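# Analysis of the macromolecular model
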Amino acid sequence: QVQVVESGGGLVQAGDSLRLSCAASGRTFSSYAMGWFRQAPGKEREFVAVISWTGGSTYYVDSVKGRFTISRDNAKNTVYLQMNSLKPEDTAVYYCAAGRVGFPIVRGRNANEYDYWGQGTQVTVSS
């Protein structure tokens, strides 16, 4: 079993950067793909990014391509989401998830591919 805990959220201005972290427990962390999702008030949870268990494959939702970067450090059981050029529409609760996402990595955009979820961290971007 894997437990995940997000951190790094906060209140920033448009154009600023934030780095979210997701610390995972369990010796099997390196065998899981890791994804980031977000949910804005009044909206459904949406996929943001996914990274394969090796870190060699990633996939992003179009709205964050070129601005967000997902990475992982399996030695530290941690996955990161570097968010640059933040926009007010990025305001949401960001969730980290772990799952044995099948090939190809684009399948990681489906929340059903994940077995373990964190409690979320709030990101607020003011204009």
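Worth saying up front: this structure is predicted, and the values here are computed from it rather than measured.

Another point: the overall build of the protein chain. Along the protein chain, the regular secondary structure elements total zero helices and 11 strands. Its helices and strands in sequence order give the protein chain the pattern β-β-β-β-β-β-β-β-β-β-β, from N to C terminus. Considered along the principal axes of its C-alpha atoms, the protein chain spans approximately 40 × 25 × 25 Å. Within the span of the protein chain, comprising 127 residues, buried residues form 43% of the whole. Taking as baseline every contact in the protein chain between residues at least 6 positions apart, the subset at least 24 positions apart corresponds to 58%. Total accessible area on the protein chain stands at roughly 6500 Å², and carbon and sulfur atoms take up 45% of it. Each charge class in the protein chain can be summarised by its mean position, and for the 13 positive and 10 negative side chains these summaries are 5 Å apart.

A ring pair, where both rings are aromatic, is described by two values, the distance of the centres and the angle of the planes. Taken as a whole, this structure holds six aromatic pairs when the rule is applied. Taken together, a centroid distance of 5.3 Å and an interplanar angle of 85° make the contact between Phe37 and Tyr114 edge-to-face. Taken together, the positions of Phe37 in strand S4 (residues 33-39) and Tyr114 in the loop between strand S9 (92-99) and strand S10 (116-117) put the pair 77 residues apart, joining distant regions of the chain. Grouping residues by exposure puts Phe37 and Tyr114 together as buried. A centroid spacing of 5.0 Å and a plane angle of 55° characterise the contact between Phe37 and Trp117, whose relative ring orientation is tilted. One end of the pair, Phe37, is in strand S4; the other, Trp117, is in strand S10, and 80 residues separate them in sequence. Judged by its relative accessible area of 27%, Trp117 is partly exposed. Directly above the ring of Trp117 sits Arg45, whose terminal nitrogen or CZ lies 4.8 Å from the centroid. A cation sits over an aromatic face here: Arg100 above Tyr32, 4.3 Å from the ring centre.

Rules of the game
- Residues numbered from 1 in each chain as written.
- Predicted model: local features only at pLDDT ≥ 70, side-chain atom pairs only at ≥ 80, totals over all residues.
- Heavy atoms only, no water.
- Helix = DSSP H or I, 4+ residues; strand = E, 2+ residues; numbered from the N terminus.
- Buried < 20%, exposed > 50% of the residue type's maximum accessible area, 1.4 Å probe, protein only.
- Contact = heavy atoms within 4.5 Å.
- Areas by Shrake-Rupley, 256 points an atom, 1.4 Å probe, with all protein chains shown as cover.
- Lys, Arg positive; Asp, Glu negative; His and termini not counted.
- Charge placed at Lys NZ, Arg CZ, Asp CG, Glu CD.
- Phe/Tyr/Trp six-rings, centres within 6.5 Å; stacked < 30°, edge-to-face > 60°.
- Lys NZ or Arg CZ within 6 Å of the ring centre and 35° of its normal.

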